[in-house]
Amino acid sequence: MTRTPVNVTVTGAAGQIGYALLFRIASGQLLGADVPVKLRLLEIPQAVKAAEGTAMELDDCAFPLLRGIDITDDPNVAFSGANVALLVGARPRTKGMERGDLLEANGGIFKPQGKAINDNAADDIKVLVVGNPANTNALIARAAAPDVPADRFTAMTRLDHNRAATQLAQKLGAGVEEVKKLTIWGNHSATQYPDIFHAEVAGRNAAEAVNDEKWLAEEFIPTVAKRGAAIIEARGASSAASAANAAIDHVHTWVNGTADGDWTSMGIVSDGSYGVPEGLISSFPVTTKDGKYEIVQGLDINEFSRTRIDASVKELTEERDAVRSLGLI
Ligand SMILES: NC(=O)c1ccc[n+]([C@@H]2O[C@H](COP(=O)([O-])OP(=O)(O)OC[C@H]3O[C@@H](n4cnc5c(N)ncnc54)[C@H](O)[C@@H]3O)[C@@H](O)[C@H]2O)c1
Ligand SMILES: O=C(O)C[C@H](O)C(=O)O
């Protein structure tokens, strides 16, 4: 194998998502079974030792595609020459913390990381923000990277997309692979809107196949939108393996393309489509090809969907205004 390795930077590498993610990247599941990778792990100083332990385990797997691991607490080093950056490390909300405090604390992480990406990453850098609040953290990082094309900054709603696919498949007694054209709109938060009106299950329109607006409004949407909280309640910790899996799916689809007749959901910088204000990082239906994505255009948005998309976009607008007033963008 003579291919030049792809530099993949992972922040928060010693955390629980990091632990579920790194082995899959190193085994070729992120980019492809023929793509060698070099890992750059960014952690805070107190967690560098733990990241070193994970690196020892990565070495012990003898992955043929893994061509090196660097560990650092310096964002400029971590993003030097990065082709793919997975921004996982974030400040969780702790007791007594107001929303503004959370946004400010994360601004202190994502602003310098955005600048470090701007100054050091490779020209083809692709960024996925996983750390919450993911859409607004991506907005902050993007604003700090004016030399990087805006479409390289994305936020993860693929976990929500995957959750919706399973809920829908289970309702209709179908396989998840038979579910196509689902959309997550808006924010990765409880206001997100999982939309089945354009989805297909085994070739049939999903909303028609379900034919149960009560289930849609009172079960499906809340189950998907509040799944993160339900997992925290059950596990005592937020989703990790499924989040890592979604990060793998997001980047793999971005790089390798969506299947014909299907699309995926990604948090991306809005171009104003579907009435989402330009510049907000909001989830849309997208197709991907040759490492680029495009918003699926021309979908009919009914009243039921419009109200819910608008509510999530309103929340994103409020988060944007809050980080703007904190001077973070
Ligand atoms: N978008 C999604 O679908 C989704 C899903 C699940 C979790 N998440 C979010 O992902 C984030 C990580 O979750 P986790 O379970 O791995 O958390 P975790 O607390 O186990 O790990 C976070 C890691 O980030 C590190 N970190 C903190 N600040 C950092 C910085 N400035 N630079 C580098 N590393 C830093 C911490 O030291 C820690 O090791 C959380 O914000 C969580 O809410 C998002
Ligand atoms: O970490 C969280 O708050 C939940 C997480 O974003 C999830 O959707 O599982």
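Looking up the chain in an unreviewed UniProt entry gives the name Malate dehydrogenase, with the organism given as Streptomyces humicola. As its UniProt record puts it under Sequence similarities (unreviewed entry), the chain is described as follows: "Belongs to the LDH/MDH superfamily. MDH type 2 family." What UniProt states about the chain under its Function (unreviewed entry) heading is, verbatim, "Catalyzes the reversible oxidation of malate to oxaloacetate."

Between two packed helices, both the angle of their axes relative to each other and the distance between the axes serve to describe the pair. Running from N to C, helix α5 (residues 134-143) and helix α11 (residues 303-325) cross one another at 40 degrees; their axes reach a closest spacing of 10 Å. Here α11 runs oblique to α5, going by the angle between their axes. Here α5 and α11 pass one another in a crossing that is right-handed. In contact with N135, T136, L139 and I140 of α5, α11 contributes L316, E319, R320 and V323. Residue composition of the contact of α5 with α11, grouped by class: four nonpolar, two polar and two charged.

With that settled, the discussion passes to the UniProt feature "binding site: substrate" (unreviewed entry) in the chain. As recorded in UniProt, the sites labelled "binding site: substrate" (unreviewed entry) are R93, R99, N132 and R163. These annotated residues cover 71 residues of sequence, and their C-alpha atoms reach 25.6 Å apart at the extreme, placing them across more than a single site. By the secondary structure assignment, N132 is in the loop between β5 (126-129) and α5. Using a relative accessible area of 39% as the deciding quantity, one classes N132 as partly exposed. Those residues within four positions of N132 in sequence are excluded, and the remaining contacts are A90, R91, N106, N137 and H188.

Around ligand 2 lies a shell formed by N132, L159, R163, H188, G228, I232, S238 and S239. Between ligand 2 and S238 there is a distance of 3.5 Å, counted from an oxygen atom to a side-chain nitrogen or oxygen. The separation between an oxygen atom of ligand 2 and a polar side-chain atom of S239 is 2.7 Å. Starting from 270 Å² of accessible surface for ligand 2 in isolation, the protein chains cover 73%. Among the secondary structure elements, those contributing two or more residues to the shell around ligand 2 are α6 (158-172) and α9 (227-235).

Around ligand 1 there are 23 residues in total, and Q16, I17, E43, V130 and N132 lie nearest to it. Between ligand 1 and E43, the relevant distance is 2.6 Å, taken from an oxygen atom to a side-chain nitrogen or oxygen of the residue. Between Q113 and ligand 1, the recorded distance is 3.3 Å, taken from a side-chain N or O atom to a nitrogen atom. At the level of secondary structure, the elements contributing two or more residues to the shell around ligand 1 comprise α1 (16-26) and α4 (99-120). Classifying every residue of the shell around ligand 1 gives 12 nonpolar, 10 polar and one charged.

Further remarks concern the sheet that holds strand β11 (residues 204-205). Spatial ordering of the open sheet is given by β7-β10-β11, a layout of three strands whose pairing is antiparallel. In this open sheet, the two edge strands, each paired with only one partner strand, are β7 (179-180) and β11. Of the strand pairs in this sheet, β7 and strand β10 (residues 200-201) are connected by two bridges, and their pairing is antiparallel. Within the sheet, the bridge partner assigned to K180 lies in β10 and is E200.

This brings us to the pattern of salt bridges. For the coordinates displayed, the defined rule picks out 11 salt bridges. Between D321 and R324 there is a salt bridge, and its shortest N-O distance comes to 4.0 Å. One end of the pair is D321 and the other is R324, both in helix α11 and three residues apart, which spans about a single turn. R324 sits in the partly exposed class, given a relative accessible area of 47%. Salt bridges here are not isolated pairs; linked through shared partners, they connect R320, D321 and R324.

Conventions we followed
- Residue indices begin from 1 for each chain and proceed along its sequence in written order.
- Following the order in which they are written, the chains are lettered starting with A and the ligands numbered starting with 1.
- Whole-chain, interface and lining totals are the exception, using all residues; otherwise, since this is a predicted model, local features are given only for residues with pLDDT of at least 70 and side-chain atom pairs are given and counted only at 80 or more.
- Excluded from the side-chain calculation are hydrogens and water; included are all heavy atoms of the structure.
- UniProt positions are given in the numbering used here, feature names are shortened, and annotations may be inferred rather than shown by experiment.
- Helix axes are fitted to C-alpha atoms over the stretch in contact, other axes to C-alpha atoms as well, and angles between N-to-C directions run from 0 to 180 degrees.
- What counts as a helix is a DSSP run of H or I of at least four residues, what counts as a strand is a run of E of at least two, and both are numbered from the N terminus.
- Should an angle lie under 35 degrees it is considered roughly parallel, over 145 roughly antiparallel, and from 65 to 115 roughly perpendicular; all remaining angles are considered oblique.
- By definition, turning the near helix anticlockwise from the far helix through less than a right angle yields a left-handed crossing, and turning it clockwise yields a right-handed one.
- Contacts are residue-level and defined by heavy atoms, with any inter-residue pair within 4.5 Å sufficient.
- Throughout, the ten residues Ala, Val, Leu, Ile, Met, Phe, Trp, Tyr, Cys and Pro are labelled nonpolar, Asp, Glu, Lys and Arg are labelled charged, and all others, Gly among them, are labelled polar.
- Think of it in three bands: residues with accessible area under 20% of the maximum for their type are buried, residues over 50% are exposed, and the middle band is partly exposed, with areas taken using a 1.4 Å probe on protein chains only.
- For this purpose, a residue is taken to be near a molecule or strand whenever a single non-hydrogen atom of the residue falls within 4 Å of it.
- We call two N or O atoms a polar contact when they sit within 3.5 Å, provided that within protein one can donate a hydrogen and the other can accept it, with sequence-adjacent residues counted only if both atoms are side-chain atoms.
- Accessibility throughout is a Shrake-Rupley quantity obtained with a 1.4 Å probe, and a residue counts as covered only by protein chains that appear here.
- For two strands to pair, DSSP has to find at least two bridges joining them.
- A side-chain nitrogen of Lys or Arg and a carboxyl oxygen of Asp or Glu constitute a salt bridge if their distance falls within 4 Å.

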